[in-house]
Amino acid sequence: MTYKTAVCDDSAADRQYLSDLVRQWARSAGHTVTIAEFPSAESFLFHYAEEKDYDILLLDIEMGNMDGITMARRLRRENDTVQIVFITGYSDYIAEGYEVDALHYLMKPTGRDKLFSVLDRAAEKLKKNEKVLTLETGGETIRIPVYQIRYADVQGNYVTIHASVDVTVKMTLRELASELDDRFYRAGRSLIINLTRISRVTKTEIRLSDGTALPLPRGAYEGVNRAIINM
């Protein structure tokens, strides 16, 4: 596989170090990478306006005028597939990472094995994002990228899949679950949730990263949390 990667860090030494590690990872895993380096969030966004096809972003948090969290929020407004890995010398920003669906935080100095493990996960997620769900409804065929599915719920004999658009089809939740992967968890008899979209879980509800609140079925709290940890 070929992955287009960006390294955004205001330290030239750190950019070079991370770029070298990414090349080593690609050689060891049998991948091909193209790497672009950026000294600031602003320089990346300027370039991104013309080239939006990045797969992996290694992003420093503490940078100049615009920090990495702010940049990631802007990026996520239009791109929900790029894999964002924060590289930071601080541990104070982990909560903000949930807002932008960050894949991981790595503390500086970044170790080779740790970075390789995270890049393996990024490659696995990118591969999963290629999967498409094909549905027949209302006399037409609809194709939904699986990564876009936030959750699905059931009423009677119909399942509504909530993605970039809502699609209702006649099928069972079990049939839908068989078409999905390990990012999805069935919470009770009427709900399937994309675990990567969850921002908070309480005893009574699940809050998704887009603000959607879903009632949590009785007895499902422990199972959801275990699924998140295992993922």
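Residues numbered from 1 in each chain as written. Predicted model: local features only at pLDDT ≥ 70, side-chain atom pairs only at ≥ 80, totals over all residues. Heavy atoms only, no water.

Describing the UniProt feature "modified residue: 4-aspartylphosphate" (unreviewed entry) in the protein
Then comes step 1: The UniProt entry lists Asp60 under the feature "modified residue: 4-aspartylphosphate" (unreviewed entry), expressed in the numbering used here.
Then comes step 2: Along the chain, Asp60 falls in strand 3 (residues 56-60).
Then comes step 3: Residue Asp60 is classed as buried on the basis of its relative accessible area of 4%.
Then comes step 4: With residues near it in sequence (within four places) discarded, Asp60 still touches Cys8, Asp9, Asp10, Gly68, Ile87, Thr88 and Lys108. (UniProt positions renumbered as here; feature names shortened; annotations may be inferred. Helix = DSSP H or I, 4+ residues; strand = E, 2+ residues; numbered from the N terminus. Buried < 20%, exposed > 50% of the residue type's maximum accessible area, 1.4 Å probe, protein only. Contact = heavy atoms within 4.5 Å.)

A short note on the environment of Arg112
Then comes step 1: Topologically, Arg112 is positioned in helix 5 (residues 112-128).
Then comes step 2: Distance from Arg112 to Leu21, taken between C-alpha atoms, is 6.6 Å for residues 91 residues apart in sequence.
Then comes step 3: Not counting residues within four places of it along the chain, the set of residues in contact with Arg112 comprises Tyr17, Leu21 and Gln24.

Focus on the nonpolar core
Soluble, globular proteins show a tendency: their nonpolar side chains are buried together.
Then comes step 1: Formed by 23 residues in total, the largest nonpolar core has its most connected members in Phe44, Leu57, Leu59, Met71 and Phe86.
Then comes step 2: Breaking this core down by element, the ones donating at least two residues are strand 1 (2-8), strand 2 (32-38), helix 2 (41-48), strand 3, helix 3 (68-76) and strand 4 (83-88).
Then comes step 3: Judged by nonpolar contacts, the second largest core, of 21 residues, contains Tyr3, Leu58, Ala122 and Ala123. (Core = buried A, V, L, I, M, F, W, Y, C linked by side-chain atoms within 4.5 Å.)

A short note on the packing of aromatic side chains
Then comes step 1: Counting across every chain of the model gives six aromatic pairs.
Then comes step 2: A ring pair is formed by Phe44 and Tyr54, whose centres lie 5.6 Å apart and whose planes are at 55°; its orientation type is tilted. Residue Phe44 is found in helix 2, and its partner Tyr54 is found in the loop between helix 2 and strand 3; the two are separated by ten residues along the sequence. Like Tyr54, Phe44 is buried.
Then comes step 3: Where Phe86 meets Tyr105, the ring centres are 5.1 Å apart and the plane angle is 35°; that geometry is what we call tilted. Taken together, the positions of Phe86 in strand 4 and Tyr105 in strand 5 (residues 104-107) put the pair 19 residues apart, joining distant regions of the chain. Taken as a pair, Phe86 and Tyr105 share a single burial class, namely buried.
Then comes step 4: Members of the aromatic cluster, connected to one another through ring pairs, are Phe38, Phe44, Tyr48 and Tyr54.
Then comes step 5: Sitting over the ring of Tyr54, Lys4 keeps its end group 4.7 Å from the ring centre. (Phe/Tyr/Trp six-rings, centres within 6.5 Å; stacked < 30°, edge-to-face > 60°. Lys NZ or Arg CZ within 6 Å of the ring centre and 35° of its normal.)

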